[in-house]
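Each chain, letter by letter, is given below.
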Amino acid sequence: MINFRPPETRTRSSVGSSSSVVTAEKALSFISKGWQEVRSSADADLQLIKNRANSFKNLADRELENFINSASKSPFTVPTITASATTTPAEIEFVKKLRPKLSEFRRAYSSPEFKWPAQGKLRIDLSAIKNVIVAEVEEEEEDERERWRKWRRERFKEEGQFGEFNWEPIKAFKTRLRELEVDLKGGSSSSPVDIFEGIKNSEFVVKVKSSLKSICKEPEETKGVPPLDVPELLAYLVRQSSPFLDQIGIRRDISEKIVDSLCSKGRSKLLLHSLPEGGSSLIEGEIMNDELDLRIASVLQSTGHCYEGGFWGDSTKPNLSGDKRHVAIVTTASLPWMTGTAVNPLFRAAYLAKLEKQNVTLLVPWLCKSDQELVYPNQLTFSSPEDQELYIRNWLEERIGFKANFKISFYPGKFSKERRSIMPAGDTSQFIPSRDADIAILEEPEHLNWYHHGKRWTDKFNHVVGIVHTNYLEYIKREKNGALQAFFVKHVNNLVSRAYCDKVLRLSAATQDLPKSLVCNVHGVNPKFLKIGEKAAADRQSGQQVFSKGAYFLGKMVWAKGYRELIDLLANHKTNLDGFNLDVYGNGEDAHEVQSTAKRLNLNVNFMKGRDHADDSLHGYKVFINPSISDVLCTATAEALAMGKFVVCADHPSNEFFQAFPNCLTYRTPDDFVSKVQEAMSSEPQPLTPDEQYKLSWEAATQRFMEYSDLDKVLTSETSLYRRRPKGMGKSVSMPNLEEMVDGGMAFVHNCFTGNEFLRLCTGAIPRSRDYDKEHCKDLHLLPPQVENPIYGW
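Quick notes on the rules
Residues numbered from 1 in each chain as written. Predicted model: local features only at pLDDT ≥ 70, side-chain atom pairs only at ≥ 80, totals over all residues. Heavy atoms only, no water. Pairing = 2+ DSSP bridges. Helix = DSSP H or I, 4+ residues; strand = E, 2+ residues; numbered from the N terminus. Axes fitted to C-alpha atoms, helices over the stretch in contact; angles between N-to-C directions. Contact = heavy atoms within 4.5 Å. Expected span 1.5 Å × (residues − 1). Buried < 20%, exposed > 50% of the residue type's maximum accessible area, 1.4 Å probe, protein only. Arc of directions from axis to C-beta. Phe/Tyr/Trp six-rings, centres within 6.5 Å; stacked < 30°, edge-to-face > 60°. Lys NZ or Arg CZ within 6 Å of the ring centre and 35° of its normal.

1. A short note on the sheet that holds strand E8 (residues 517-519)
Ordered by their spatial adjacency, 8 strands build an open sheet running E4-E3-E2-E1-E5-E6-E7-E8, and the pairing between neighbours is mixed. A strand with exactly one partner marks an edge of an open sheet, and here the two such strands are strand E4 (421-424) and E8. For this sheet, the mean inter-axis angle between neighbouring strands, taken without regard to orientation, is 30°. Summarising the sheet, strand E2 (residues 358-366) and strand E3 (residues 407-416) pair through 6 bridges and their orientation is parallel. Along E3, the bridge assignment pairs Pro-365 with Tyr-411. In the packing of helix H17 (residues 385-400) onto the sheet, the strands contacted are E2 and E3, and the crossing angle to E3 comes to about 110°. Running over the sheet, helix H28 (residues 698-708) touches strand E5 (439-443), strand E6 (463-468), strand E7 (503-506) and E8 and is turned about 145° from E7.

Following this line, the structure appears as C-alpha cells:
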C-alpha cells in the first residue's frame, strides 16, 4: 500500500526516507545475488544431466552392437516338442536384418534436430524392430502353436479330462531335453541339470545377460530421491537468510510464513517420502517443523555428500567406526605446569584408554610463546604443539610404566595474570570433531564455561560429566570485595553446571554444592609413589633406616595454597615447637612475599625451589604437613600417604577421604596441631596394607569414576552405538521436559551474555578472548575466526 503524505511531512522525513531506500536497495541487491547463484547452480545441474544422458546413449549403442555381433557369430537353435518326433529349426536369420534398422534408429535419435518429448518422459518407438522380428518368426510361431494345440487336444482327450495331472507331457519334455543334450555335447548322455548348465554357460547366453544387465536395471536401483525444485531452494535460501532479513526489518515469523508457503505444495509428497509404509496417518496428527531439513538431508545423502555438522549448527553425531565409544577429556592446564588440573586429567586419560572399552582424546590448552614464559617453570617453552605433546607423553610413560594409547589435542588458551589461570579462547567444543562428540569429561566445568561462547556441551555430546577440582569461592573471598564477587560467582557456577553438564562429581564436600552433583574422589596416585612406599616398607622390614629427615611442605607458593595458615600456626606456637624445622618446596607468584613474611617473623622455615614430589631428595622425609583449607583434594597429601609418610592436615571436608588411613593425623585447633606434629615426629608410620594401596591407585579411582559418573551404564547400554537423536530429525510425542527447557533457557541467556565484549570485560574476562587470535591460528594451523564462524552462517 502506498501512503500519500503532505509535502511538508515528506520534507521533514527526507532523511529517514533516504535511509529506508538505501536499506531496501541493499536487500534487493542481496536477494538478486542469491537468485543469480541459484540460477547458475540450476544451469550447471542441467548441463550435468545432459552429459549423463549422452553418456548413457553411447553406452547403449555399444551394448547393442556387441549384442548383434555375438548373435551373428553364435548359432542358437530352439528345440520343438511334438508328439511324434522332434525337428531342429534353421538358424535364426532375422538378426542380420536388424542391422540396417538399428542404424536408422541410432541416426534418428542421435540427430541434432531430435527433440525430447515435452511431457518429460522418454518414449522410444521400437515398432520398426518389432515388425522385423514379427515378420521373420510369425509364420514359424504360428505353425508351432498350431502343432502344440493339436497335440494337447489329442493327449487330454485320451485322458478324459483336463483337471487331472498327466505325466506324459513331462516324460516327453525330459526326452526332448536328453536329445538336446546329445546335440549340445556330441551325443553324450547326462542329467537335465547338466543340460541347463550347458545352456546357461554358453557364450551367447552370457553375453546377452551381461548386455541386458548393463542396459536394463532393476526398478529398485533406478529409484532415487528427486532433486530439489526451485520453491524448495528458495525456501531454504529464505530460511538461511532469516538473521539478515531480521536485521532489515522483516520479522522472523514472516520469514517462516514465506518458507511455509513455498513448501506447502510439496509438503505431503515430502512427508510420504520420509515416512515408512503405514505411517501416513502421522501427517494428519503431526506435521514436522523440520521437514525442509529432512528433505535437504535426504537429497545430500542420495548424492553421497557427507557433512560433520548438522542443521542450524546442531551436530548430527554420526556413528563411530567400529563398536568403540569415544571419550573426550577437556582440562584447563597442561604440563609442564605442575598443577592438579594438568596432572590428574592426564592420568585419567591414560587409565581410561588402558581399559580399551573406548577411544580417548585429551584436550589441553595451547599457550602462545609470551604466555608460556609466564606459566611454565624453568623458562621452558615449546615452538609447536607437537613438541609439547612429546614432552607430555615422555613424562607420563616414565611414571605409569606402560604406553598409553590415547590422542592429545590442543585448544587456544590465554593466561590471566589476575586470576592466575588459563582461560579458553573461542569455542572449546569445536576442537572435538562431531564424529567424536560422544562423551565429554569437563575437568573444572565452571572454569571452562565462565566465558564459554559456543555450542552447548549437552547438545553436541551424548553424555557430559563435570569434575570439580578447585574451591574457587574460597579463593575469591580472599580478594578485595571478595564477598560480593563470591556471591555472583556462586550463581554463575550454578548456571553453567545446570546448563552444560548431565552430572557433576565433586572431589570433596569442600566445594560448592552444585546442581546434579555428588561427592566422590575420582583421583588416584601416580604408581611411582606406591612403588616408593613399597620399597620403604621392604627396607624397614629388613632393618634399614628409611626416614632420616623431619617434616616438609610442598605446594605452589601462593597464599591461597595454605601458606597463610602455615605461617600463622608456626608463628603462634614458636615456643611449643621449639627446635622444629620445616623445609618448604615451591615456586609461585607470592614466593617473595611469603619468604619475606617468614623471615620477618623469624620462623624456622627453609625455602627450596619447587620440585617433583617423587624426587629422590624427598624420600627421606617422615612427616608431610599441609594446613591448607582451600584445597578440594590435595594431590600432594595422597602422594605422601602412598610413600608411607605421616600426614598432618586439618580436620576439613577436603581431607575426609584421607582420614581412613592410619598415617593421616588431623587436627581441629592450633593446639591440636602442635600435638599432632609432636606425635608424628616421635613415632614411626605404619606400612600400607594392599587394600589401602589399591584405594589410592588410579585403577580404583577409574573404577569409582565409571560408577559414579554413570559411564559404565552408558558404555554397556544395549546398543554399543547409542546416540541421542539429533535435532531436526524427528519429534517426541511426549510432553516437553520442563527441567530441560529451563536448562536450555539458562544456556541461551549465558550464551547471549558471553557474546557481548563489554559485558565480558566487566566481569573480568581477558580482552578479545571470545575468539582466538592470529598467533593461535599460526601455531595451531587454524582458519581465522571470521572464516571459521562467518556472520549469519553464510
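2. Regarding unusual backbone geometry
The residue after Leu-335, namely Pro-336, is reached through a cis peptide bond having omega 10°. Mapping Pro-336 onto the fold places it in the loop between strand E1 (325-330) and helix H15 (340-355). At Asn-378, a residue that is not glycine, the phi angle is positive and equals roughly 55°. Its location among the elements puts Asn-378 in the loop between helix H16 (369-375) and H17.

3. Examining helix H26 (residues 670-681)
Given a rise of 1.5 Å per residue, 12 residues ought to cover 16 Å, and the 17 Å separating the end C-alpha atoms of H26 matches this to within 8%. Here H26 has its buried residues at Phe-673, Val-674, Val-677 and Ala-680. The buried residues of H26 occupy one face: seen down the axis, they fall within an arc of 135°. Each element contacted by the buried residues of H26 is listed here: helix H23 (563-572), strand E12 (621-626), strand E13 (646-650) and strand E14 (664-667).

4. Some thoughts on the packing of aromatic side chains
Given two aromatic rings, their pairing is described by the distance between the two centres and the angle made by the two planes. Here the structure, examined in full by the defined rule, presents 20 aromatic pairs. Taking 6.3 Å as the distance between ring centres and 15° as the angle between the ring planes, the aromatic pair formed by Tyr-351 and Trp-698 counts as stacked. Within this pair, whereas Tyr-351 is found in helix H15, its partner Trp-698 is found in helix H28, the two being separated by 347 residues in sequence. In terms of burial, Tyr-351 and Trp-698 fall into one category: buried. Over the ring of Trp-450 we find Arg-419, and its NZ or CZ is 5.4 Å from the ring centre. The ring of Phe-657 has Lys-695 sitting right over it, with the charged end atom 5.2 Å from the ring centre.

5. Quick notes on the environment of Phe-382
Here Phe-382 is to be found in the loop between H16 and H17. Given a relative accessible area of 8%, Phe-382 falls into the buried group. A sequence separation of 15 residues divides Phe-382 from Leu-367, and the C-alpha atoms of the two residues are 9.2 Å apart. Filtering out sequence-adjacent residues up to four positions away, Phe-382 remains in contact with Pro-336, Trp-366, Lys-369, Gln-372, Tyr-376, Asp-387, Gln-388 and Tyr-391.

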